[in-house]
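Working through the structure, step by step
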Amino acid sequence: MKRNGEKISCLTAYDASFAALLDQVGIDVLLVGDSLGMVIQGANSTVPVTVDDMAYHCRCVAGAAQRAFIVADLPFASYAEPAQALANAARLMQQGLAQMVKLEGAKIEVVRFLVDQGVPVCGHLGLLPQSVNRLGGYRVQGRDAAQAETILREAQQLEQAGAGLLVLECVPAVLAKAISQTLAIPVIGIGAGVDCDGQVLVLYDMLNIGTGNRPRFSRNFMAGAASIEDAVVRYHQAVKAAQFPGSEHSY
Ligand code: KIV
């Protein structure tokens, strides 16, 4: 799709009913995100989410999707070492039926090891929600030149280590564009501007439901929609036509 210039649509999914709806609408990638800690479990970060939680929700999603590609998050502290990462990735793939696992940060040796063992890996750079307690909040990353250079270099290292996909979260649009143009692998943005190869949002944010405030980079796709299905169709079409995100959703 990247080579053909077709934008990739992605949404988070955590259960069978939403997974089936998203799949039928044509969403390309379903991300079983550890954001479920916040939108399903009501925690104030993704840190409490366990591998058991992820395997359970991934199985719910994978069992209902016929065609979408399924990516599942390795949760906090579940991939500190290559062997630990492989054991937990195997659980997400064997029990959860994930087709790819996602991990946060420039864990280059872990990614290389997983890929060598046959595990497809999605990297995640920019804002790293699992590190919120170190970062001190959910803030845009890569605003200054040195930070931007680091994120670009880490993106290249992840690609060289064999990552097949990269999520970029909350970085300036100009940086995300440069990274998307530099890498051969697809870059999926969230709060990263319209020039990424695809977009992802947390499903509950774009449906304007949930316990917290909707982040600036999301849009309420329920506004003006006739149904949840219509809202998802509108998102899918807006991503494909590069009409979302707009500058008001970008940094
Ligand atoms: O867990 C999640 O939903 C994510 C997205 C924010 C990309 O990682």
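In this text, all values refer to a predicted model and were calculated from it rather than measured experimentally. (Residues numbered from 1 in each chain as written. Predicted model: local features only at pLDDT ≥ 70, side-chain atom pairs only at ≥ 80, totals over all residues. Heavy atoms only, no water.)

Our focus in this paragraph is the UniProt feature "active site" (unreviewed entry) in the protein chain. Taking the numbering used here, the UniProt-annotated feature "active site" (unreviewed entry) corresponds to E169. Positionally, E169 belongs in strand β6 (residues 165-169). Residue E169 is classed as buried on the basis of its relative accessible area of 10%. In this view, E169 contacts H124, L125, G126, L127, P129 and I190; residues no more than four positions away in its chain are not counted. In this structure the side chain of E169 is engaged in a polar contact, spanning 2.9 Å, whose partner is the side chain of H124. (UniProt positions renumbered as here; feature names shortened; annotations may be inferred. Helix = DSSP H or I, 4+ residues; strand = E, 2+ residues; numbered from the N terminus. Buried < 20%, exposed > 50% of the residue type's maximum accessible area, 1.4 Å probe, protein only. Contact = heavy atoms within 4.5 Å. Polar contact = N/O pair within 3.5 Å; in protein donor to acceptor, adjacent residues only side chain to side chain.)

Helix length check: helix α10 (residues 228-240) (13 residues) gives 19 Å between terminal C-alpha atoms against 18 Å at 1.5 Å per residue, within 8%. Within α10, burial applies to A231, V232, Y235, H236, A238 and V239. Taken around the axis of α10, the buried residues stretch over an arc of 165 degrees, which confines them to a single face. Each element contacted by the buried residues of α10 is listed here: β1 (8-12), α1 (16-25), β8 (198-201) and α9 (203-206). The positive-phi residue at the C-terminal boundary of α10 is A242, with phi of around 55 degrees. (Expected span 1.5 Å × (residues − 1). Arc of directions from axis to C-beta.)

Using the residue numbers shown here, the UniProt feature "binding site: 3-methyl-2-oxobutanoate" (unreviewed entry) corresponds to D34, S35, D73 and K102. For the annotated residues, spread through 69 residues, the largest C-alpha to C-alpha distance comes to 12.5 Å, consistent with a single compact locus. Counting through the fold element by element, D34 comes out in the loop between β2 (29-32) and α2 (36-39). When near neighbours in sequence (up to four residues on either side) are disregarded, D34 contacts T46, V49, M54, D73, P75, E104 and Q130. Residue placement: S35 occurs in the loop between β2 and α2. With relative accessibility at 14%, the residue S35 sits in the buried group. Apart from residues lying up to four places away in sequence, S35 is in contact with T12, Y14, T46 and V202.

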